[in-house]
Amino acid sequence: MKKLNYSILPTPIQKLEKLSSMLNANLYCKRDDLTGFGFGGNKTRKLDYLIYDALKKGCNTLVAVGGVQSNFCRIAAAFGAKNGLETHLMLCGGKKPEIMSGNLLLDKMLGSKMHFIESEDWNVWESEAKKLTEKLSRNGKKVYYMPIGGSNEIGAQGYIDCMREIQAYSVKFDYIIHATSSGGTQTGLILGKYLMGFKGKIIGIDVSNADKSILFNEIFSLCESTIKYLHLSEKIAVNPFDILIDTGYLGRKYAAKTPQGKEAVELFSKYEGIFPDYVYTGKAAAALIDYCRHKNFSKKENILFLHTGGNIELFA
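Everything quoted here is computed from the prediction, not taken from an experiment. (Residues numbered from 1 in each chain as written. Predicted model: local features only at pLDDT ≥ 70, side-chain atom pairs only at ≥ 80, totals over all residues. Heavy atoms only, no water.)

## So, helix H5 (residues 122-138)
- Compared with an ideal rise of 1.5 Å per residue, which puts 17 residues at 24 Å, H5 spans 25 Å between its outermost C-alpha atoms and is within 8% of the ideal.
- Three or more residues of H5 are buried, namely Trp125, Ala129, Leu132, Thr133 and Leu136. Down the axis of H5, the buried set is contained in an arc of 105°. They therefore lie on one face. Away from its buried face by more than 90 degrees, H5 exposes Asn123 and Arg138.
- Among the structural elements, strand E3 (61-67), strand E4 (86-92), strand E5 (113-117) and strand E6 (143-145) are those in contact with the buried residues of H5. (Helix = DSSP H or I, 4+ residues; strand = E, 2+ residues; numbered from the N terminus. Expected span 1.5 Å × (residues − 1). Buried < 20%, exposed > 50% of the residue type's maximum accessible area, 1.4 Å probe, protein only. Arc of directions from axis to C-beta. Contact = heavy atoms within 4.5 Å.)

Spelled out as C-alpha cells, the structure:
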C-alpha cells in the first residue's frame, strides 16, 4: 500500500557501548525516536500509512484518541496541520491542566481541538472518540477515525517496514525488546518476522494492561486481520508462540512511574545520551536491564532495544 514519506527512514541502529560493558551483554538500539516528523517516535511510521489513506478517501477531519500526554495524538496533530485537516484529539485519563506542557503544549501549537475525559478505561476512551466522530459526521465533516495508537491493519504496516530495516543491518539479532501497549508495533514486527525471515524472538514489554491475555488476544487478532487485509494468507500464518509479552514491568498502572523505569531512564541518559520516557520506553528499558542482570542472554547473542520515542513526556 502507498504511504506518505514524512518519517526520516531508515532510522539508525547504534551499539550501546557503555551499557553493554556494564551489563555484560551485546546491546544495540534502533532509534525510532529519531523518525523526525512532529518530534518523531514510532507513531510516524503508522501515520504515514494512515494519513495517506485519509487523504485518498477525501477526509477533511481527523479524530485521534490516547492518554493526556499521548505521543500518537501529538504526531497525528502534526500530520493534520501539515495537510490542512481539522484535527480533534480525545485526550483521556486526566483533567485539562491549567498549564499545557509536554505533548499538550505541542498539540496546542499545532492547532488541534482537544477534548478531555477523566476515565482511565481504554474502552471508554474509544467509545467517547467514536461518539465525537459521529457528531462531527452529522455536522457535515468527512471524518477519519483512528484507534488508540493507530493500531489497525493500515498502521501496522509501518512496523513491517521497520523489520525490513532491522534485517538489512549488518548485525543479526537474537532478540528484539520493545514497549507494547495498543499492539500495532508488535503486530507489524511479528508479520515482518515471517516476511523477512527474522529468526530471533520479539518480546513486547507490556506498559498498559497487567492482564496478558487481553493484549495477547488483541495482537493475535490484529495479526490475522492484517494478514487478510494485505492478502498474505497464502504466504504466512500467525504462530501464537511468537507473541511474547512480559507484564512484569508495568507497575501500578498505565503511565505510573516505576523505580525500575526511573533507573532505566537515568542509565540510558547518563551513559548513552539516549532519553527514554517514563510511560513507554523507560519500562521496556527496565526490562532489558533486568534481563541482562539475571543473565537471560548469552555473550554470543545480540539484543536490539527498539526505542519507540515518547521522550517529550519528560517535559510534562
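Still to come is the rest of the account.
## Brief notes about the side chain of aspartate 48
- Following the sequence through the fold, aspartate 48 ends up in helix H2 (residues 43-56).
- The buried charged residue aspartate 48 lacks any salt bridge partner; its closest oppositely charged side chain belongs to lysine 3, at an N-O distance of 4.8 Å.
- At 3.0 Å, the side chain of aspartate 48 forms a polar contact with the backbone nitrogen of tyrosine 6.
- In this structure aspartate 48 touches Lys3, Leu4, Asn5, Tyr6, Ser7 and Phe79, once residues within four positions along its chain are discounted. (Lys, Arg positive; Asp, Glu negative; His and termini not counted. Salt bridge = Lys/Arg side-chain N within 4 Å of Asp/Glu carboxyl O. Polar contact = N/O pair within 3.5 Å; in protein donor to acceptor, adjacent residues only side chain to side chain.)

## As for the packing of helix H6 (residues 157-168) against helix H7 (residues 184-196)
- The N-to-C vectors of H6 and H7 enclose an angle of 50°; their axes lie 7 Å apart at closest approach. One element, H6, and the other, H7, form an angle in the oblique class. Both H6 and H7 take part in a crossing whose hand is right-handed. For the pair H6 and H7, the contacting residues are Tyr159, Ile160, Met163, Arg164, Ile166 and Gln167 in the first and Thr185, Gly188, Leu189, Leu191, Gly192, Lys193, Leu195 and Met196 in the second.
- By residue class, the composition of the contact of H6 with H7 is eight nonpolar, four polar and two charged. (Axes fitted to C-alpha atoms, helices over the stretch in contact; angles between N-to-C directions. Parallel < 35°, antiparallel > 145°, perpendicular 65-115°, else oblique. Left-handed = near helix turned anticlockwise from the far one by under 90°. Nonpolar A, V, L, I, M, F, W, Y, C, P; charged D, E, K, R; others polar.)

## Some remarks on the environment of lysine 199
- Inspection of the secondary structure assignment puts lysine 199 in the loop between H7 and strand E8 (201-206).
- For lysine 199, a relative accessible area of 78% corresponds to the exposed category.
- Between the alpha carbons of lysine 199 and leucine 288 there is a distance of 19 Å; along the sequence they are 89 residues apart.

## Some remarks on the layout of surface pockets
- Roughly 1000 Å³ of internal volume is contained in the largest pocket.
- Of all the elements in the fold, those that place two or more residues in the lining of the largest pocket are H5 and helix H8 (212-229).
- Partitioning the lining of the largest pocket into residue classes produces 22 nonpolar, 14 polar and 10 charged. (1 Å grid on protein atoms, 1.4 Å probe; cavity = no way out; pocket = protein on both sides within 12 Å on 5 of 7 lines; lining within 4 Å. Points joined across faces, edges and corners; volume = space filled by probe spheres on them.)

## Structural notes on the packing of H2 against helix H3 (residues 71-82)
- In contact at an axis separation of 10 Å, H2 and H3 are set at 45° when each is read in the N-to-C sense. With respect to H3, the axis of H2 lies oblique. Two packed elements cross with a definite hand, and for H2 against H3 that hand is right-handed. Where H2 abuts H3, its residues Lys43, Thr44, Leu47, Asp48, Leu50 and Ile51 lie against Asn71, Phe72, Ile75, Ala76 and Phe79.
- Classifying every residue of the contact of H2 with H3 by side-chain character gives seven nonpolar, two polar and two charged.

## As for the pattern of salt bridges
- Under the defined criterion, the tally for this structure stands at 12 salt bridges.
- Of the charged contacts, one joins lysine 3 and aspartate 161 as a salt bridge, the two residues approaching to 3.3 Å between their closest N and O atoms. Of the two residues, lysine 3 sits in the segment before strand E1 (13-15) while aspartate 161 sits in helix H6, which places them 158 residues apart along the sequence.
- Judged by relative accessible area, lysine 3 falls into the partly exposed class, the value being 23%.

## Section: H6
- Between its terminal C-alpha atoms H6 stretches 17 Å, which fits the 16 Å expected from 12 residues at 1.5 Å a residue.
- Within H6, 10 of the 12 residues are buried, leaving the element largely enclosed by the surrounding structure.
- Restricting attention to buried positions, one finds in H6 the residues Gln157, Gly158, Tyr159, Ile160, Asp161, Cys162, Met163, Glu165, Ile166 and Gln167.

## Brief notes about the sheet that holds E1
- In space, the six strands of this open sheet follow the order E1-E2-E10-E7-E8-E9, with mixed pairing throughout. The sheet is open, and its two edges are formed by E1 and strand E9 (244-246), each paired on a single side. Pairwise comparison of adjacent strand axes, ignoring direction, gives a mean angle of 30° for this sheet.
- Both strand E7 (residues 175-180) and strand E10 (residues 302-307) contribute to a ladder of three bridges, which runs parallel. (Pairing = 2+ DSSP bridges.)

## Re the pairing of strand E2 (residues 26-31)
- Across the six residues of E2, six count as buried, placing the element largely inside the fold.
- The alternating pattern of E2 places Asn26, Tyr28 and Lys30 on one face and Leu27, Cys29 and Arg31 on the opposite face, and all of these are buried.
- The pairing of E2 with E10 spans six bridges and is classified as parallel. Pairing of asparagine 26 across the sheet is with asparagine 302, part of E10.

## Observations concerning empty space enclosed by the protein
- Scanning all chains against the criterion turns up two cavities of 30 Å³ or more.
- What lines the largest cavity is a set of 16 residues, among which Asn42, Lys43, Ser181, Tyr280 and Thr308 lie closest to the centre.
- For the lining of the largest cavity, the secondary structure elements donating two or more residues are H2, E7 and H7.
- For the second largest cavity, the calculated volume is near 100 Å³.
- If you go around the second largest cavity, you meet 15 residues; those closest to its centre are Ser70, Ile148, Gly149, Tyr254 and Tyr280.
- For the lining of the second largest cavity, the secondary structure elements donating two or more residues are E3, H3 and H5.
- No other element matches E3, which puts three residues into the lining of the second largest cavity.
- Partitioned by chemical class, the residues of the lining of the second largest cavity number seven nonpolar, seven polar and one charged.

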